[in-house]
Amino acid sequence: MIDISTNDRVFVLTGAGVSAESGLPTFRGAGGLWRGYRVEDVASPVAWARDPLMVWQFYSMRRKAHSEKYPNPAHYALAKLQEALGDRFFMCTQNVDKLHEEAGSRGVVHMHGRLFQSRCDTCARPPFEDANTYEDNVPRCACGGQIRPHICWFGETPYEMDAIERELRRCSVFMAVGTSGVVYPAAAFAAQARRSGGARTYYVGPEEPANRALFDECYLGLAGELLPRLFHWSQLGAVAV
Ligand code: OAD
C-alpha cells in the first residue's frame, strides 16, 4: 500500500501500460504499435518532411484504433485519487489517448501531445480538435502550410515542461505507472523528484522498468488490478473504487 498523508503532494506519470488493459497496444511490448513500422519512419520531423502522407496514414490508423476503447480501473483509480487530493495531485501522461479524461481526470498534462488534435506545421495557429482521418491527402491550413498531428515527435521538445518541472520540484510522492523508463525526459522524472524534494518514488506495472534504480518500491502487476487497492481510500476520505 502507498501511504499518502495530508501534507503530501502527489505527482503521477503514466505511460502506455495504463491503457493496455483498455486494448491500446504498448510501444515496446509484444504486439507493440511499432511492429511493421520503424518509429523513425512515422514519428519524427524527418519522416514528416520526407513523406507526410505516410505519417498521416499512421496516425489515422491510431485514431481509428482508439474507437470503442474505454477507460479501465487504473484510469478510474487515478481520477478518484485526484478527486480525493484536489490540488495536491498532478498528473502528466506520455499517452496521446483520451482515456484519463474519459475516466474523469482533469487538467492532465499530455507531454507527448494529443492524438485527437492537429496543428499547422507553418503558422502559429493553436492546436485544434481534429478526429478526422487522412488516408489520401495531407490537409492544408489557410496559410498554405500542412496540417500535422499535435504529437511530440522524436527530436522535438515535450509540451508543458515548465509546469512539469515545477510540480516535480514540489511533490513528495512520485508514482510512475506503465512506462518502460527508456524514453527521456520522462525517464528522468523520478530522479528529479527525488533530488529536488526528496520525494518517495513508486512504480506500478507488470515488470521492472529500465530505470528501476530510481524507485523506492515497485509494485509488480497490472495497473488495473493494483491501483484500485494501492491506497487507503478511507484515510483519503474516499470510498474504495
Ligand atoms: P512502452 O511501450 O515503452 O512501455 C509500456 C510499459 O507498460 C512497459 O514497461 C510494460 O511492462 C507496461 N505495461 C504493460 N501492460 C501493463 C499494464 N496492464 N499495467 C501497467 N503497466 C503495463 O511505453 P511508454 O513507456 O509509455 O513517445 O513509452 C514512452 C514513449 O515512447 C511513448 O509516449 C511514445 C513512445 O515512443 C512518443 O510517441 C513521443
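Look a little higher up for the structure.
Residues numbered from 1 in each chain as written. Predicted model: local features only at pLDDT ≥ 70, side-chain atom pairs only at ≥ 80, totals over all residues. Heavy atoms only, no water.

Engineer: Residues and numbers for the packing of aromatic side chains, please.
Structural biologist: A full pass over the atoms with the stated rule returns eleven aromatic pairs. Ring plane angle 40 degrees and centroid distance 5.7 Å describe the contact between W48 and W153, whose orientation is recorded as tilted. Of this pair, W48 sits in helix α3 (residues 45–50) while W153 sits in the loop between β6 (147–151) and α7 (161–170), placing them 105 residues apart in sequence. The class of W153 is buried, set by a relative accessible area of 1%. Centre to centre, the rings of F231 and W233 are 5.5 Å apart; their planes meet at 70 degrees, and the pair counts as edge-to-face. The exposure class assigned to W233 is buried, which follows from its relative accessible area of 5%. One aromatic cluster is present, built from ring pairs that chain together F11, F90, F174, F189, Y203 and F215. Lying over the aromatic face of F116, K98 brings its terminal NZ or CZ to 4.3 Å of the ring centre. The cationic tip of R148 hangs over the ring face of W153; the distance from NZ or CZ to the ring centre is 3.8 Å. (Phe/Tyr/Trp six-rings, centres within 6.5 Å; stacked < 30°, edge-to-face > 60°. Helix = DSSP H or I, 4+ residues; strand = E, 2+ residues; numbered from the N terminus. Buried < 20%, exposed > 50% of the residue type's maximum accessible area, 1.4 Å probe, protein only. Lys NZ or Arg CZ within 6 Å of the ring centre and 35° of its normal.)

Engineer: How would you sum up the sheet that holds strand β4 (residues 113–120)? Please name residues and give values.
Structural biologist: Judged by pairing direction, the sheet is antiparallel, and its three strands sit side by side in the order β5-β4-β6 without closing on themselves. Each edge of the open sheet carries a strand with a single partner, namely β5 (128–129) and β6. In this structure, β4 lies alongside β5, joined through two bridges in antiparallel fashion. The residue bridging S118 from the neighbouring strand is F128, located in β5. Sitting on the sheet, helix α4 (residues 52–65) is in contact with β4 and β6, with an inclination near 140 degrees to β4. (Pairing = 2+ DSSP bridges. Contact = heavy atoms within 4.5 Å. Axes fitted to C-alpha atoms, helices over the stretch in contact; angles between N-to-C directions.)

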